[in-house]
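Residue-level listing of the chains:
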Amino acid sequence: MHTHSLLFIIFCIVGCSAEFYVIDDRIGLGREFDGIGGLSGGGATSRLLVNYEEPYRSQILDFLFKPNFGASLHILKVEIGGDAQTTDGTEPSHMRCKDDGNFFRGYEWWLMKEAKKRNPNIKLIGLPWAFPGWIGAGTQWPYFFPNITADYVVTWINGAKQHHNLDIDYIGVLRDALDRAGYTNIGIIAADGDWSVAAAMLEDPYLNDAVEVLGVHYPGTITVKEALLTEKKLWSSEDYSTFNDDIGAGCWARILNQNYVNGRMTSTISWNLIASYYENLSFGGDGLMTADEPWSGHYVVQSPIWMTAHTTQFAQPGWFYLQTVGKLTHGGSYVALTDRKGNLTIVIETMTHKHSQCIRPPLPHFDVSPQIAVFQLKGSFAHLTDLQVWYSKLDFETKNDTLFQRSSPIEVYDGLFALKLDVDEVYTITTVNTGQKGSYPDPPKSCLFPKNYSDDFTVDNPPFSEAPYFADQTGVFEYFRNSTDNGSHAFTLRQVVTERPVTWARDADQTISVIGDYSWTDLSVSCDVLIETPATGGVFLAARVDQGGESVREAKGVFYWIYANGTYKVTNDIGGQRVLAEGQSGTREGVWYTLTLSVKGYFATGMLNGYLLWKNAVVVEPKNGWVALGTLSFEYAQFDNFKVNAE
């Protein structure tokens, strides 16, 4: 693995093809390190995490946030929900109209509190990906009335503090709105997109003074001259977005170093934090780890967690990069950080091009080959005699990885130590001795979503506003206490978004929540439904739904609709364009009906209140998909006594 004997160093100095690298603080320090983070949202990427039972849920949270255990993240960035589809689902808004204010919807409040519980020093960032429709005043642009938009975000900050005792550290909103609200300590990140705001900041002193951090998405480790000229903090405020296999780990290890080496970015935030959403949605499996089976308790701590630990467990926000950082001669990179109190951490990566490509942007070709590196410690570090060593090897040939393994301390002779580096490795060489590879007993084995599943939504004080396993793709479906019904429908699930949100990802014109196993083909599903909108209202029950996320408008499947005007329809698509059957149903608003949809092979049959309404509608495709329920438009509707039996 590594060789560091005195004879080896002497041999390298006099004869072998070693390259020398100096680690020195006498020439001054580089930029301040701001930490490594994860992003929950954009959207609904932590959706299934909340439904894990203990102890598994707490174990997962420990792997993400607990110091000196796993990823040990320094930053948690969350979506300020806007009731809209923002990649993998919708997250509920705290202000559905201008007179609304509810700070207990969704799960981001809970997640921030769990992160703080484990690491009180973790930094919190909020960012809206979308907005409820009223913010846009009938348009799809949320900034026509900037004060309204700013106040909307400030209200979320107020709610975080007043109801959850959470202090938000960074936000994207107008500076004067924050100052008026007394939040002079909250930093502004701009523009959470590309680097173009930097040029504007150089031209506008007020803008330049207002912004604390230049945040960019997927920079490919490169910055621009204008960003450096602002002399502001530079962050990769959304990065990675890559499947969490070993290539994803290689991507993550490479950019954690090279975002600073190439781009002087002092924070990198992973989209997303954890792959806790159905894998067949957009960017399935793109988190630092995977927890998408709350029904079984199964989760997987993938290699990106341990690539994170190589930095996060041995350097904290407030440390400083040294100026002596850079590329290795034969490929790879190294960074060095110090707390200015004598501690030193060096992180070295030798990720190859083939094994470290992120999903975006394209990666220019480069070569990496085995090499011997000799490091010379100078300045405050010249006196060090031994250093801790943590090592990872992504072995793409044998598939037998070494992940975050503590090795024998390395001895330093007269300020020198040598490493024999192979490809696709990460080393942390450090004075910090508190690192730990946290572990728990193996979680339960993976298993498919239960073939027989039911929910009557009878929960008096639900810990979360959403029912387990339902993943809203357009609209928001929440637990509802039906005060007008003291009988069998006192507790229901209700679709509550009544106006198209303002969002960059296109919601469907219909609302929809999916559930179950994407591989399901033949099944029977039933649900009690209540249309609340007279004349124009409608609801559906569906099977074999093949699209969600950003593609939800193109979803195909078997959609069984009933309408308040007394008709029904069976369509092959959510948009209702491919009609398989239609006719009279006698349905109207304000009455509970039981819909039953059975699909087997190429045929589908539907019942209304236990009586056959239509049969043998021919379904050629899709062959499989989720079960779903939803509404004809952005309208109130209720659902109860959901049951599915898959074959």
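Scoring rules and cut-offs
As a convention, each chain's residues are numbered from 1 in the sequence order in which they are written. Side-chain atom pairs in this predicted model are given and counted only at pLDDT of 80 or more, local residue features only at pLDDT of at least 70, and totals for whole chains, interfaces and linings cover all residues. Processing note: side-chain calculations cover all non-hydrogen atoms of the structure and skip hydrogens and water entirely. Only DSSP runs of H or I with at least four residues qualify as helices, and only runs of E with at least two residues qualify as strands; both kinds are numbered from the N terminus onward. Relative accessibility decides the category of a residue: with a 1.4 Å probe and only protein chains considered, values under 20% of the type maximum give buried, values over 50% give exposed, and everything between is partly exposed. Counted as positive: Lys and Arg. Counted as negative: Asp and Glu, with His and the chain ends omitted from the count. When a carboxyl oxygen of Asp or Glu lies within 4 Å of a side-chain nitrogen of Lys or Arg, that pair is called a salt bridge. Counted as a polar contact is a pair of N or O atoms within 3.5 Å, where, for protein atoms, one must be capable of donating a hydrogen and the other of accepting one, and residues adjacent in sequence contribute only when both atoms are in side chains. By definition in these notes, contact holds between two residues if any of their heavy atoms fall within 4.5 Å. Using only the protein atoms, space was sampled on a 1 Å grid; points where a 1.4 Å probe fits but cannot get out form cavities, open sets with protein on both sides within 12 Å along at least five of seven lines form pockets, and lining residues are those with an atom within 4 Å of a point. Grid points are joined across faces, edges and corners, and a volume is the space filled by probe spheres set on the points. What makes a nonpolar core is a set of buried Ala, Val, Leu, Ile, Met, Phe, Trp, Tyr and Cys residues whose side-chain atoms join them at distances within 4.5 Å. Here, a disulfide means two cysteine sulfur atoms that sit within 2.5 Å of each other. Where each domain begins and ends follows an automated or database-derived domain assignment. Each of two parts loses accessible area, computed with a 1.4 Å probe, when they are put together; buried area is these two losses added. One less than the residue count of a helix, multiplied by 1.5 Å, gives the span that helix is expected to have. Between rings of Phe, Tyr and Trp, where Trp is taken as its six-membered ring, a pair exists when centres lie within 6.5 Å; planes separated by under 30 degrees are stacked, by over 60 edge-to-face, and by other angles tilted. Counting as a charge over the ring demands two things of the Lys NZ or Arg CZ atom: a distance within 6 Å of the ring centre and an angle within 35 degrees of the ring normal. Interaxial angle, 0 to 180 degrees, is taken between N-to-C directions of lines fitted to C-alpha atoms, where a helix line uses only the stretch in contact. By the definition adopted for this analysis, an angle is roughly parallel if under 35 degrees, roughly antiparallel if over 145, roughly perpendicular if from 65 to 115, and oblique otherwise. By the definition used in this description, the sense in which the near helix is turned from the far one sets the handedness, with an anticlockwise turn below a right angle giving left-handed and a clockwise turn giving right-handed. Note on residue categories: nonpolar means Ala, Val, Leu, Ile, Met, Phe, Trp, Tyr, Cys or Pro, charged means Asp, Glu, Lys or Arg, and polar means any other residue, Gly included. In short, DSSP must find at least two bridges between two strands for them to pair.

Caption draft 1: Molecular detail of the side chain of Asp-88. For Asp-88, the location among the structural elements is in the loop between β4 (75-80) and α3 (108-118). No salt bridge is formed by the buried Asp-88; its nearest oppositely charged neighbour, Arg-360, is found at 9.3 Å. Among the polar contacts listed, one links the side chain of Asp-88 to the backbone nitrogen of Ser-282, at a separation of 3.0 Å. If we skip the residues at most four places from it in the chain, Asp-88 touches Gly-43, Ala-44, Thr-45, Trp-271, Tyr-277, Leu-281, Ser-282, Gln-473 and Gly-549.

Caption draft 2: Region of the structure containing empty space enclosed by the protein. All chains considered together, the criterion is met by three cavities of 30 Å³ or more. Of the volumes computed, that of the largest cavity is approximately 90 Å³. Looking at the largest cavity, it is lined by 13 residues, and the ones nearest its centre are Gly-81, Pro-92, Arg-105, Glu-108 and Trp-109. Lining the second largest cavity are 13 residues, and of these Ala-44, Arg-47, Asp-88, Ala-471 and Asp-472 lie nearest its centre.

Caption draft 3: Spatial organisation of the nonpolar core. Counting 95 residues, the largest nonpolar core has Phe-65, Leu-76 and Ile-171 as the members making the most contacts within it. Element by element, the count of residues in this core is highest for helix α10 (residues 246-261), at eight residues. Of all hydrophobic cores here, the second largest spans 63 residues; its members include Leu-523, Cys-527, Phe-540 and Val-545.

Caption draft 4: Summary view of the state of the cysteines. This model, assessed by the stated rule, comprises one disulfide. Between the sulfur of Cys-251 and that of Cys-358 lies a disulfide, 2.1 Å long from S to S. Judged by the torsion about the S-S bond (100 degrees), the Cys-251/Cys-358 disulfide is right-handed. Here the residue Cys-251 occupies a position in helix α10, and Cys-358 occupies one in the loop between β17 (344-349) and β18 (371-377), the gap between them amounting to 107 residues. We classify Cys-251 as buried; its relative accessible area is 0%.

Caption draft 5: Examining the domain arrangement of the protein more closely. Parsing the protein into structural domains produces domain 1 (21-355) and domain 2 (452-646). Here the C-alpha centre of domain 2 lies 35 Å away from the C-alpha centre of domain 1. Regarding the contact of domain 1 and domain 2, the summed buried area is about 2,800 Å², with carbon and sulfur atoms giving 54% of it. Three residues, Arg-47, Gln-85 and Tyr-278, lead the burial of domain 1 against domain 2; their summed loss comes to 24% of the area buried on that side. Between domain 1 and domain 2 we count one salt bridge in total.

Caption draft 6: Structural context of α10. Between its first and last C-alpha atoms α10 spans 22 Å; for 16 residues at 1.5 Å apiece the expected length is 22 Å, and the two agree. The buried fraction of α10 amounts to 15 of the 16 residues, a majority that puts the element mostly inside the structure. Capping the start of α10, Asp-245 holds a side-chain oxygen 3.2 Å from the backbone nitrogen of Ile-247, two or three residues further along.

Caption draft 7: Quick look at the packing of aromatic side chains. This structure, assessed with the given rule, holds 43 aromatic pairs. Consider the rings of Trp-561 and Tyr-563, whose centres lie 6.3 Å apart with planes at 10 degrees: the pair is stacked. An aromatic cluster of at least three residues, connected via ring pairs, comprises Phe-63, Phe-69, Tyr-299, Trp-306, Phe-314, Trp-390, Phe-404 and Tyr-440. Lying over the aromatic face of Tyr-260, Arg-264 brings its terminal NZ or CZ to 4.9 Å of the ring centre. Cation over ring: Lys-437 sits above Trp-306, and NZ or CZ is 5.2 Å from the ring centre.

Caption draft 8: Fine view of the packing of α10 against helix α11 (residues 303-312). Close contact between α10 and α11 brings their axes to 8 Å; oriented N to C, the two are set at 20 degrees. Taken together, α10 and α11 sit at an angle that is classed as roughly parallel. Seen from above, α10 lies across α11 with right-handed handedness. Taking contact as the criterion, the partners of Asp-246, Gly-248, Ala-249, Trp-252, Ala-253 and Leu-256 in α10 are, on α11, Ser-303, Pro-304, Met-307 and Thr-308. The residue inventory of the contact of α10 with α11, partitioned by class, reads six nonpolar, three polar and one charged.

Caption draft 9: Focus on the packing of helix α2 (residues 56-65) against α3. Between α2 and α3, whose axes approach to 10 Å, the crossing angle comes to 65 degrees. Taken together, the axes of α2 and α3 are roughly perpendicular relative to one another. Two packed elements cross with a definite hand, and for α2 against α3 that hand is right-handed. Within the contact between the two elements, α2 uses Arg-57, Ser-58, Leu-61, Asp-62 and Phe-65 and α3 uses Trp-110, Leu-111, Glu-114, Ala-115 and Arg-118. Among the residues making up the contact of α2 with α3, the classes are represented as five nonpolar, one polar and four charged.

Caption draft 10: Seen up close, the sheet that holds strand β1 (residues 18-23). In spatial order, the strands read β1-β18-β21; together these three strands make up an open sheet with mixed pairing. If you trace the sheet from one side to the other, it starts and ends with β1 and β21 (416-421), each paired once. Within the sheet, the average angular offset between the axes of one strand and its neighbour, ignoring direction, is 25 degrees. Where β18 and β21 come together, six bridges link them in antiparallel fashion. When the sheet's bridge partners are listed, Val-374 is paired in β21 with Ala-418.

Caption draft 11: Structural context of α2. Of all the ten residues making up α2, eight are buried; the element is thus mostly covered by neighbouring parts of the structure. In this fold, the buried residues of α2 make contact with β4, α3, β12 (290-293), β13 (298-300) and α11.

Caption draft 12: The pattern of salt bridges, seen in detail. Following the criterion strictly, the structure yields 22 salt bridges and no others. The partner of Asp-167 in a salt bridge is Lys-161, and the shortest N-O contact between them spans 3.1 Å. Among the salt bridges present, the one from Asp-179 reaches Arg-175, with a minimum N-O distance of 3.0 Å. With a gap of four residues between them, Asp-179 and Arg-175 both fall in helix α6 (residues 175-180), about one helical turn apart. Take Asp-179: its relative accessible area is 34%, and that puts it in the partly exposed class. Taking relative accessible area as the criterion, Arg-175 reaches 16% and is therefore assigned buried. One continuous salt-bridge network, built from bridges that share partners, spans Asp-62, Glu-114, Lys-117 and Arg-118.

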